[in-house]
Structure formats: structure tokens, C-alpha cells
Amino acid sequence: MKTRPELTQEDCERIAAAALAEARRNRWIVAIAILDDGGHPLYLVRMDGATPANAEIALAKGRTAAVSRRSSGAWEQRVKDGRLSMLRMPGILPVQGGVPIVVDGACVGGVGVSGVQSHEDEQIAQAGIDALLKQ
């Protein structure tokens, strides 16, 4: 039987703290969602001023990354490259800002961010993941 790592509450708090620090450092107002490998929410923070839509979009971006095991930006690039059929993929939001969390070669979840430019959302998500992986 295989064993694999999984996210703990402490891991989620570490990811969220680093992601929030990155957002605050840049004066960006966002929502940050952390999901398990099945796309189920583990942690959600909506900064003061972030909209309810930001929270929903962050969840969708994070779910995309977690269940597909690739960034939501990779899906966006496929659409930009002309693969419009990707728009019909179930449960996939092809908008940059969702990043899978990969530990020891296994995807354990995803982080989704929404509220600023999509590449900035991804920057925030990656800062959170980097903090987890550097522990």
C-alpha cells in the first residue's frame, strides 16, 4: 500500500500566512483558498475589501489546480493557444491564479487566489506554497 503526505491545519496556516504577507507587501487585496487534493476547501481567507466573488473565484482556481494537478494558468494557456474545447472541461477554471501543491512528487492540494491581476494572484499563491516547501 502506498502512503503519501497530506496537508494539515498547520500547513494551511503556514501557506496562508506567507500568501497574506506577499499580498500585504504589495498592497493587494485578495481572497486565498487552500484545498486538499480532491478539491475540498481546507482554509479560506478573504482580506478586508475583497469581494464575495473573489472568494468564489479563488476556490475555483484552487480546485482546478488540485484536481487537475496543473496550474490554472496552464489551462488558460491552452485556451489562448486555440484549444477552445478546454472551456468545456468539467470543474476547470482556465484563469491563472491556481497552483497545485506538490510534495515528494504527489499533489496534496492547491492554492487559489483572486483579487488582482491573474499573474499577481499566482505570485501570491506561489509565495504560500514556497513557504510550506522550505520548512
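Quick summary incoming for the structure in this document. (Residues numbered from 1 in each chain as written. Predicted model: local features only at pLDDT ≥ 70, side-chain atom pairs only at ≥ 80, totals over all residues. Heavy atoms only, no water.)

The next point concerns the sheet that holds strand β3 (residues 98-103). Taking strand neighbours across the sheet as the criterion, the four strands line up as β2-β1-β4-β3 in an open arrangement whose pairing is antiparallel. The open sheet has two edge strands with one neighbour each: β2 (41-46) and β3. The sheet shows a mean angle of 15° between the axes of neighbouring strands, taken without regard to direction. In this fold helix α1 (residues 9-25) packs onto β1 (31-36), β2, β3 and β4 (106-114), with an angle of close to 30° to the strand it touches most, β2. (Pairing = 2+ DSSP bridges. Helix = DSSP H or I, 4+ residues; strand = E, 2+ residues; numbered from the N terminus. Axes fitted to C-alpha atoms, helices over the stretch in contact; angles between N-to-C directions. Contact = heavy atoms within 4.5 Å.)

One pass over the full model with this rule turns up zero aromatic pairs. Stacked on the ring of W75, the Lys or Arg R78 has its end atom at 5.2 Å from the ring centre. (Phe/Tyr/Trp six-rings, centres within 6.5 Å; stacked < 30°, edge-to-face > 60°. Lys NZ or Arg CZ within 6 Å of the ring centre and 35° of its normal.)

Quick look at the state of the cysteines now. Per the stated rule, a full pass over the model turns up zero disulfides. The thiol of C12 is unpaired, and the distance to the nearest cysteine sulfur, on C107, comes to 13 Å. Look at C12 and you get buried, because its relative accessible area is 1%. The class for C107 is buried, based on a relative accessible area of 10%. (Disulfide = S-S within 2.5 Å. Buried < 20%, exposed > 50% of the residue type's maximum accessible area, 1.4 Å probe, protein only.)

Without other data, these values stay purely geometric and don't point to any function.
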